[in-house]
Amino acid sequence: MTTDPYKLAAETIRTAQALVITSGAGMGVDSGLPDFRGDQGFWNAYPMYRHLGINFIGAANPANFEGDPAFGWGFYGHRTNLYRSTVPHNGFHLLKRWAEDFGLDTFVVTSNVDGQFQKAGYREDQVLEVHGSIHHLQCLKPCTMAIWDNREEIPVDFETMRAGHIPVCPRCGGAARPNILMFGDYSWISSRSHGQQMRFDLFLDQHRDQRLAVIELGAGTAIPTIRCLSERLGNSKQATVVRINPREPQIGAPHISIAAGALEGLSGIDRALAG
């Protein structure tokens, strides 16, 4: 019996009847996106914040929009532009091809707000963005529970991290903000993500008695939302979790641990499937 994790993962996919892809920040690293691992990682990506003494938690905070929306939008405007220009790496397409080749009904659950799965061709109705999406906006107050598409062009001065344009709410004319769950958030409108959660719950109910493959990618322990979900799904006797993580791959048997980045791990599984 093989102990090769790539072969075990390939067999898990071959014998599955449905697929759940769970994804953390590490999924985007191979597309060129930083994962903000620790304050140092954040400051390497955004040196201006080091000079200001602001870490990721401080930058990703709704309080920045209250007193100085141009500063609040400096971080999120830059992220909007970065995500729009980023090309999803081949790992996204490998997962999609496996689902097609093996006839696997698929759902994606991600803590990322970058919209990369949709950009790679996944349907809106098969994605749950637990922390919201930078590609959608809401009123900062909020004066309304509406959520709308982010079609704004937001130039940012990278030296000062200030936005040259502030999106506004079409109803009250006040500042708008990304429809993203930030740190210490008090005004995030969660209805869009809640609707996605309901679709995911229905997906799980429909496949309750089927063999489920859970492929987890780049989900760390600092904010363990995705890891906890994968493990909760893995509690079912019908589910096998494949955890792909370069630094924190550990998971108990019968689940499968692959110590690799997302693209490297998925490419290794693809070779095993071909073999």
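Here the structure is a predicted model, which means the values were calculated and not measured.

(A) Broad picture of the overall build of the protein chain. If you tally the helices and strands in the protein chain, you get 11 helices and 11 strands. Its C-alpha radius of gyration of 19 Å places the protein chain within 12% of the 19 Å reference for a compact globule of 275 residues. Seen through its C-alpha atoms, the protein chain measures out along the principal axes to roughly 60 × 35 × 25 Å. Contacts in the protein chain between residues far apart in sequence, at least 24 positions, make up 68% of those at least 6 positions apart. Within the structure as shown, the protein chain displays about 12,400 Å² of accessible surface, and the carbon and sulfur contribution to it stands at 53%. Of the side-chain charges in the protein chain, 25 are positive and 28 negative, and the distance between the mean point of each set is 2 Å.

(B) Structural detail: the pairing of strand β10 (residues 239-244). β10 sits mainly inside the fold: five of its six residues count as buried. As judged from the six bridges shared by strand β9 (residues 212-217) and β10, these two strands associate in the parallel manner. Along β10, the bridge assignment pairs Glu216 with Arg243. Handedness of the crossover joining β9 and β10 through helix α10 (residues 225-234): right-handed. Where β10 and strand β11 (residues 256-258) come together, three bridges link them in parallel fashion. Paired with Val242 across the two strands is Ile256, which belongs to β11.

(C) Quick look at the sheet that holds β10. The sheet built from six strands is open, its strands ordered β3-β2-β1-β9-β10-β11 with parallel pairing. Since the sheet does not close on itself, it has two edges, and those belong to β3 (127-129) and β11, each with one partner. Neighbour-to-neighbour, the strand axes of this sheet turn through a mean angle of 15 degrees, independent of strand direction. As paired elements, strand β1 (residues 18-23) and β9 share six bridges and run parallel to each other. For Ser23, the partnering residue across the bridge sits in β9 and is Leu217. Where helix α1 (residues 5-15) meets the sheet, it contacts β9, β10 and β11, and its direction lies at approximately 130 degrees from that of β11. Set on the sheet, α10 makes contact with β1, β2 (105-110), β9 and β10; between it and β10 the angle comes to about 150 degrees.

(D) Highlighting the packing of aromatic side chains. The full count for this structure, using the stated rule, is 19 aromatic pairs. Relative to Phe200, the ring of Phe107 has its centre 5.2 Å away and its plane inclined at 45 degrees; by these criteria the two rings are tilted. Here Phe200 lies in helix α9 (residues 191-206) and Phe107 lies in strand β2, a separation of 93 residues in the sequence. Note on accessibility: Phe107 and Phe200 belong to one class, buried. One aromatic cluster is present, built from ring pairs that chain together Phe42, Tyr46, Tyr49, Phe56, Phe65, Phe71, Trp73, Phe75, Tyr76, Phe158 and Phe183.

(E) Broad picture of unusual backbone geometry. Note the cis peptide between Lys141 and Pro142, where omega equals -5 degrees. Cis geometry is adopted by the peptide bond preceding Pro254, which originates at Ala253 and carries an omega value of 10 degrees. Mapped onto the elements of the fold, Pro254 is located in the loop between β10 and β11.

(F) Structural detail: the pattern of salt bridges. Scanning the model with the defined rule gives 14 salt bridges in all. In this structure, Arg97 and Asp101 form a salt bridge, with 3.6 Å as the shortest nitrogen-oxygen distance. Of this pair, Arg97 and Asp101 are both found in helix α7 (residues 90-101), four residues apart, which corresponds to roughly one turn of the helix. Arg151 is paired through a salt bridge with Asp149; the nearest N and O atoms lie 3.2 Å apart. Residue classification places Arg151 among the exposed positions, given a relative accessible area of 67%. Accessibility expressed as a relative area gives 37% for Asp149, which makes it partly exposed.

(G) Expanded view of the packing of α1 against helix α11 (residues 262-274). Packing of α1 against α11 brings their axes to within 8 Å, and their N-to-C directions diverge by 70 degrees. As far as their axial angle goes, α11 and α1 are roughly perpendicular. Contacts between α1 and α11 involve Tyr6, Lys7, Ala9, Ala10, Ile13 and Arg14 on the former and, on the latter, Glu264, Gly265, Gly268, Ile269, Ala272 and Leu273. Split into classes, the residues belonging to the contact of α1 with α11 amount to seven nonpolar, two polar and three charged.

Calculation rules
Residues numbered from 1 in each chain as written. Predicted model: local features only at pLDDT ≥ 70, side-chain atom pairs only at ≥ 80, totals over all residues. Heavy atoms only, no water. Helix = DSSP H or I, 4+ residues; strand = E, 2+ residues; numbered from the N terminus. Rg over C-alpha atoms; globule rule 2.2 N^0.38 Å. Contact = heavy atoms within 4.5 Å. Areas by Shrake-Rupley, 256 points an atom, 1.4 Å probe, with all protein chains shown as cover. Lys, Arg positive; Asp, Glu negative; His and termini not counted. Charge placed at Lys NZ, Arg CZ, Asp CG, Glu CD. Buried < 20%, exposed > 50% of the residue type's maximum accessible area, 1.4 Å probe, protein only. Pairing = 2+ DSSP bridges. Right-handed = clockwise from strand over helix to strand, strands pointing away. Axes fitted to C-alpha atoms, helices over the stretch in contact; angles between N-to-C directions. Phe/Tyr/Trp six-rings, centres within 6.5 Å; stacked < 30°, edge-to-face > 60°. Salt bridge = Lys/Arg side-chain N within 4 Å of Asp/Glu carboxyl O. Parallel < 35°, antiparallel > 145°, perpendicular 65-115°, else oblique. Nonpolar A, V, L, I, M, F, W, Y, C, P; charged D, E, K, R; others polar.

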